[in-house]
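Okay, here's what each chain looks like letter by letter:
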Amino acid sequence: MPENEEKGFGEAFQKRLAAASREKVRIVVKDQYKDAWDILTDCENANLIPGIIGPPGVGKTLLLRAYAEKTNRLFQWVTGDEGVRPAHLIGSFNPALVLTKGFTLDSFEPGPLLKAMVFGGVFGLNEGNRLPEYVQNTLLEPFEEFTVNVQRLGRIKAHDGFFPVLTMNPEEMAGAHRLSEAFRDRIRVWIRLGYPNKETELEIIRVNCPEYKLSDSVLDSVYSLVSASRVSPDIELPASIRAGISIARLSAQMATRDNNGEVTHKILSDSATSVLIGALRFRPGIDAEPAVSALVRTVLGKKGAES
Ligand SMILES: Nc1ncnc2c1ncn2[C@@H]1O[C@H](COP(=O)(O)OP(=O)(O)OP(=O)(O)O)[C@@H](O)[C@H]1O
Ligand SMILES: [Mg+2]
């Protein structure tokens, strides 16, 4: 522990704040992402609230973040679960400040929805279907009238730049609560994002491995692995884009350590196994370890198992 821990932490924290604000989104906007981007723009211009539906890790959040960045707006988001309360969306009074300042704006700490409404930001609501119904009800007014009532402070009208978007996984993978009919009715346009085509997915992997040189044949094998998991009848939840990126990065790193940067079959097979063992969900009754080994062996061929 540093002696002047508090001072040290403060400085380090400021540096981290600055680093976050410098960070630019790296995104491939092609094919389905280009289509989704265009529809988002159309929805915004037509004052329609869109919902983006797609399996985990296809780039729903990234697309929104990039959209907000491109249009120079704040990006705020919340992920729905049982524990989210209206105050987590709108904000709440800080009790300590209320003691000295009373129930004034100075003692109010705004939540992400209110910030997006006040500053005119993009508001991503992930998994809105997992929010308890009474919390979904809190969103009815902001998502219809673009107004919200902040207790004790009054009702505000959102800035013109406020753009709420729902993102969720397809319903069969979703949590206990479904979207309430009233809330669903406010989502006017549904945008589907699936797994990208091969060319786009390989470009996404490349963009996410900027520090490594990956040959076309290694990238091809990574794509074969993830795409095989997406058509296997034994697999309920296949490899996401994240899994492909992880296999590529881990292989490249293992090769850098052990083999002058050259990715062998064994390296690829080991890294794929390490990633996929936790990335896939098999149908009940199927033992993950042998199933992953079989998948990797089949896709990479015998060489992978032997070398
Ligand atoms: N179009 C893209 N361009 C570049 N990288 C991408 C793209 N799509 C996905 N990725 C990569 O995949 C990762 C997952 O994307 P993201 O977090 O946006 O997925 P998601 O659909 O919001 O997933 P979840 O349902 O788990 O929230 C990103 O961090 C990024 O590395
Ligand atoms: Mg997300």
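No experiment lies behind these values; they were computed from the predicted model shown. (Residues numbered from 1 in each chain as written. Chains lettered and ligands numbered in written order. Predicted model: local features only at pLDDT ≥ 70, side-chain atom pairs only at ≥ 80, totals over all residues. Heavy atoms only, no water.)

Trainee: Sorry if this is basic, but what is going on with the side chain of Ser 271 here?
Mentor: Tracing the chain through its elements places Ser 271 in helix α13 (residues 265–279). The contacts of Ser 271, once residues within four sequence positions are left out, are Ile 247, Leu 250, Ser 251 and Met 254. (Helix = DSSP H or I, 4+ residues; strand = E, 2+ residues; numbered from the N terminus. Contact = heavy atoms within 4.5 Å.)

Trainee: Hey, could you run me through the site of ligand 1 in this one?
Mentor: Neighbouring ligand 1 are 17 residues; Val 28, Gly 57, Lys 60, Thr 61 and Leu 62 lie closest to it. At a separation of 2.8 Å, an oxygen atom of ligand 1 approaches a polar backbone atom of Leu 62. In the complex, 83% of the free accessible area of ligand 1, which totals 640 Å², lies under the protein chains. Here ligand 1 occupies the largest pocket. Residue assignment for the shell around ligand 1 shows that the elements contributing at least two residues are α3 (60–70) and α12 (241–258). The residue inventory of the shell around ligand 1, partitioned by class, reads nine nonpolar, five polar and three charged. (Near = heavy atom within 4 Å. Polar contact = N/O pair within 3.5 Å; in protein donor to acceptor, adjacent residues only side chain to side chain. Areas by Shrake-Rupley, 256 points an atom, 1.4 Å probe, with all protein chains shown as cover. 1 Å grid on protein atoms, 1.4 Å probe; cavity = no way out; pocket = protein on both sides within 12 Å on 5 of 7 lines; lining within 4 Å. Sits in = over half its atoms within 2 Å of the grid points. Nonpolar A, V, L, I, M, F, W, Y, C, P; charged D, E, K, R; others polar.)

Trainee: Help me understand the domain arrangement of the protein in this model?
Mentor: Put simply, an interface is often sized by how much accessible area is lost when its parts join up. Here the protein is described as being made up of domain 1 (25–192) and domain 2 (198–306). Of note, the centres of domain 1 and domain 2, computed from C-alpha atoms alone, are 34 Å apart. Across the boundary between the two partners, domain 1 contributes nine residues, which contact 11 residues of domain 2. Together, the buried faces of domain 1 and domain 2 total about 930 Å²; carbon and sulfur atoms form 60% of this surface. Considering only the side of domain 1, the residues that lose the most area to domain 2 are Arg 26, Val 28 and Gly 57, jointly responsible for 50% of the buried surface there. Where domain 1 meets domain 2, there are one salt bridge. Glu 203 serves as the salt-bridge partner of Lys 30, at 2.5 Å between the closest nitrogen and oxygen. (Domains from an automatic or database assignment. Buried area = accessible area lost by both parts, 1.4 Å probe. Salt bridge = Lys/Arg side-chain N within 4 Å of Asp/Glu carboxyl O.)

Trainee: I tried to follow the pairing of strand β6 (residues 147–150) on my own but got confused; where do I start?
Mentor: Across a regular strand the side chains alternate sides, sitting on one face of the sheet and then on the other. Bridge count for β6 against strand β7 (residues 154–157) is four bridges, and the pairing is antiparallel. Paired with Val 150 across the two strands is Gly 154, which belongs to β7. Connecting the antiparallel pair β6 and β7 is a turn made up of three residues, with Arg 152 showing a positive phi of about 70 degrees. (Pairing = 2+ DSSP bridges.)

Trainee: It is not clear to me how the sheet that holds strand β1 (residues 50–53) should be interpreted in this structure. Could you clarify?
Mentor: With respect to topology, five strands assemble into an open sheet ordered β2-β5-β8-β1-β9, the strand pairing being parallel. Two strands lie at the open edges of the sheet, namely β2 (75–79) and β9 (189–192), each paired on one side alone. The mean angle between the axes of side-by-side strands here comes to 20 degrees, regardless of whether they run parallel or antiparallel. Here three bridges tie β1 to strand β8 (residues 163–168), and the two strands are oriented parallel to one another. Opposite Ile 53, over in β8, you have Met 168 as the bridge partner. In this fold helix α6 (residues 112–119) packs onto β2 and β5 (122–126), with an angle of close to 155 degrees to the strand it touches most, β2. (Axes fitted to C-alpha atoms, helices over the stretch in contact; angles between N-to-C directions.)

Trainee: Even after reading the chapter, I still don't get a nonpolar patch on the surface, so can you show me in this structure?
Mentor: Where nonpolar side chains cluster on the molecular surface, the patch consists of Phe 9, Phe 13 and Leu 17 and spans about 330 Å² of accessible area. Looking at the element boundaries, Phe 9 is found in helix α1 (residues 5–22). (Patch = residues over 30% accessible without salt bridge, like charges linked within 9 Å, V, L, I, M, F, W, Y side chains within 5 Å.)

Trainee: Is there a simple way to think about the nonpolar core in this case?
Mentor: Within soluble globular proteins, side chains that are nonpolar tend to cluster in buried spots. Within the largest apolar cluster, 56 residues are counted, with the highest numbers of intra-cluster contacts made by Leu 40 and Leu 276. Elements with a contribution of two residues or more to this core: α2 (31–45), α3, β8, α10 (198–207), α11 (216–231), α12, α13 and α14 (288–300). Here this core gathers at least three residues from each of two domains, domain 1 (25–192) and domain 2 (198–306). Once residues lying within four places of it in the same chain are set aside, the contact partners of Leu 40 are Pro 50, Ile 52, Leu 63, Leu 64, Tyr 67, Phe 163, Val 165 and Ile 191. Counting residues in hydrophobic clusters, the runner-up holds 30 residues, among them Val 84, Phe 108, Leu 125 and Leu 131. (Core = buried A, V, L, I, M, F, W, Y, C linked by side-chain atoms within 4.5 Å. Buried < 20%, exposed > 50% of the residue type's maximum accessible area, 1.4 Å probe, protein only.)

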